[in-house]
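The chain contents come next:
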Amino acid sequence: MNDLLFGFSIVFQPSNFLACFIGVIIGQVVGILPGLGPVGALSLLLPVTFYIDPTTAIIMLAGIYYGAQYGGTITSVLLNIPGEATTVVTCIDGYQMAKQGRAGPALAIAAFGSFIAGTLGVFGLILISRPLSNFGLRFGAPEYFSLVFMGIMLCIYLASGSTLKALISAFLGLWVSCIGVEVLSSTPRFTFGSVTLMDGVGIVPICMGLFGIAEVLINMEQAVEKKVALMKVGKLMPTSKDWRDSLGAILRGTGLGFFLGILPGGGAIMASFLSYSVEKRVSKHPEKFGKGAIEGVAGPESANNAGAQGNFIPLLNMGIPTNVVMALMLGALLIHGVRPGPFLISQNPKLFWGIVASMYIGNVMLLIMNIPLIAIWVRILKIPYYILFPLILLFCVIGAYSINTNVTDVYLMLLFGGLGYVARKAEFEPAPFVLAYVLGPLLEENFLMSLTESRGNLAIFFRSSISTTFLIVTFLLMISEVLPFLKKKREIFAKK
Amino acid sequence: MAWKDRLSGIFFLIFSGVTIYLALMLPMGRVGKPGPGIFPLLLSVVIAFLALLLFFRTIRSKGEFGTEEIPTTKWRLVYLLGDLCLYAFLLRPLGFLISTWIFLIVLKPIVKKRWIPILLGSLFISAAFFFFFNYLLKVELPMGILAR
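If you're wondering where the values come from, they're calculated on a predicted model, not measured in any experiment.

A. Expanded view of unusual backbone geometry. Unusually for a residue other than glycine, E427 of chain A sits at a positive phi of about 65°. Topologically, E427 of chain A is positioned in the loop between α20 (407-425) and α21 (430-453).

B. Layout of helix α5 (residues 88-99) of chain A. Residues and elements named next belong to chain A. End to end, α5 covers 17 Å across twelve residues, agreeing with the expected 16 Å (1.5 Å per residue, within 8%). Of all twelve residues making up α5, ten are buried, and the element is well covered by its neighbours. Considering only its buried residues, α5 is in contact with α4 (54-79), α6 (103-137), α12 (268-282) and α13 (295-310). Directly beyond the C-terminal end of α5, a positive phi value near 80° is found at G101.

C. Looking closely at helix α6 (residues 115-136) of chain B. Between its terminal C-alpha atoms α6 of chain B stretches 30 Å, which fits the 32 Å expected from 22 residues at 1.5 Å a residue. On its buried face, α6 of chain B sits against α19 (385-404) of chain A together with α4 (96-106) of chain B. Looking one or two residues beyond α6 of chain B, the residue adopting positive phi is K138 of chain B, at roughly 55°.

D. Structural context of the packing of helix α10 (residues 203-221) of chain A against α20 of chain A. All names here are of chain A. One can describe the packing of α10 onto α20 by two numbers: an axis separation of 7 Å at closest approach and a directional angle of 55°. Comparing the axis directions of α10 and α20 gives the class oblique. For the crossing formed where α10 meets α20, the hand is right-handed. Facing α10, whose interface residues are P205, I206, M208, G209, L210, I213, A214, L217 and I218, α20 presents D409, L412, M413, L414, L415, F416, G417, G420, Y421 and R424. Here the residues of the contact of α10 with α20 sort into 14 nonpolar, three polar and two charged.

Rules used in this analysis
Here the residue index of a chain counts from 1 through its sequence in written order. Working convention: letters from A go to chains and numbers from 1 go to ligands, in the order in which they are written. Local features in this predicted model are restricted to residues of pLDDT 70 or higher, and side-chain atom pairs are both shown and tallied only at a pLDDT of 80 or more, whereas totals for entire chains, interfaces and linings draw on every residue. Per the convention used, a helix needs a DSSP run of H or I reaching at least four residues, while a strand needs a run of E reaching at least two, with both numbered from the N terminus. In a helix, the anticipated span is given by 1.5 Å times the number of residues less one. Any residue surrounded by 20 or more other C-beta atoms within 10 Å of its C-beta is treated as buried, while 12 or fewer makes it exposed and the intermediate range makes it partly exposed; C-beta atoms here are placed from the backbone. Two residues qualify as being in contact provided that their C-beta atoms, derived from the backbone, are within 7 Å of each other. Note on geometry: axes are C-alpha line fits, over the in-contact stretch for helices, and angles between N-to-C directions span 0 to 180 degrees. For classification, angles of less than 35 degrees are called roughly parallel, those exceeding 145 degrees roughly antiparallel, those between 65 and 115 degrees roughly perpendicular, and all remaining angles oblique. Each crossing is labelled by how the near helix is turned from the far one, with a counterclockwise turn of less than a right angle marking it left-handed and a clockwise turn marking it right-handed. Residue classes follow a fixed rule: Ala, Val, Leu, Ile, Met, Phe, Trp, Tyr, Cys and Pro count as nonpolar, while Asp, Glu, Lys and Arg count as charged, and any other residue, Gly among them, counts as polar.

Given below as structure tokens:
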């Protein structure tokens, strides 16, 4: 508990408090704007954070991530367009509620649910961090290799499209991570004599290209101007019956979201979908779902927020990002010379507890911003795309340029933008690529270190029960992908 | 979607061929002391294998060829990418302010507004971004010909 108080003392430093505030506002805005998600926003702001203190930087970036979970709800309910992938299920019942003139309670319960989930999530984070860090201390190179490998495979397994293509995407990401000077032997690889490539391809040009430029290119195909028909918000506060209906859903969603968030490869998207199907199953009136059931909004919205917080646990305590947003977060930490892992709590308590406490403060801010001020956020939806897209492009170019004040990074970003567009047309997902790219060096380093330790004997990966378990899980995942019987089941599950 | 997959399969097969060749030129080390070439080589071989799988999967599910949408040239895409390349090319020599202004003006056919709002709006956005990043966030932007 003292640790948390220490965290609060850090958040209430003016610069950190401001960073948290700016972060949640940006998160809220990008959550509302369709076509610009937290991944885009994080990669846009990554270069900007070079110039500030790492704790402040991460507080802001974290704020963007969970702020977006709140913002995405607004478009889902009022427009039936999910602002974020995590709020796709909210459209189902949220939009129906809006049609019945109950958009206000839908938005309010989502905000309250997210807040409750966020609060409980912070306590979960505190409870589980130390034991997990201690567990992580027992990890050697083979264990890390197996864990990272399992993380990548889980991300592939959960990818929405073809698994084969997700695999290709991930292995390409791993290959791209090889570009540059190899650390152990300082041999340049695939640099073709370019000085910029000696340091490897940066995460910022890759992410901005794949998620910023490519997104704009996709939108260019459609008409630039879109008319939006907004629903009225109406009366805001949920009735006491609404509360009774949704309290269980909020708590179940929180638990589900938090635990899925911890798992590698899982996260907020998965959590929201699963929560919806759980609510439908436990409900006494499953027929009400799809026709404006408030549980169908409360559960998934709580789950996505709890999941967003759970995601930080493996990142901060083990140094393993579980999804693309966390991969970017890791990139930001590494740029500042902070290496997350089992030692983070003891070596850098300021950073760790500062982030944890900032999540709580951020959730309070978001609750205040969302309940009384909802009308202001709705206006953002009226910004026309012809103003928006040049601004997004400018952010991308400035971001890519400013990492090394180098135009080569801008060209690299444009290249990845074009490739990202083609890849999306060919139905290759960018997420496994980026995750694998970030984890690549970690995977290779631990692979080579293990083999050096064992003098080339592959059996070292089965040395400990921890490593063996990870590899068996990975193996079972791959098997379940091949067997048609299980595959069918997974597809049914994914459709729900 | 068969033709897309077949094309992707062929593309990645060629790609992995090149990367295998490049990886083989790196030192492989020896047993007990793996070198920097091992990991990229392994990856390239896996990519080649996956690309083969993708390619042969399309052979089995034949019959859907030609009936699918054929990509038409989308002028806006090409135009936008061209403008972006021009922007990157001009960024250093002309400096941020002027090159950004030019970049935004060239967007005119996509934005579909009249000349006056385009010229003034673009100037305003360039200046605002320059002020915001250069002075508030202290990001070093190129001054170009204005630097004196």
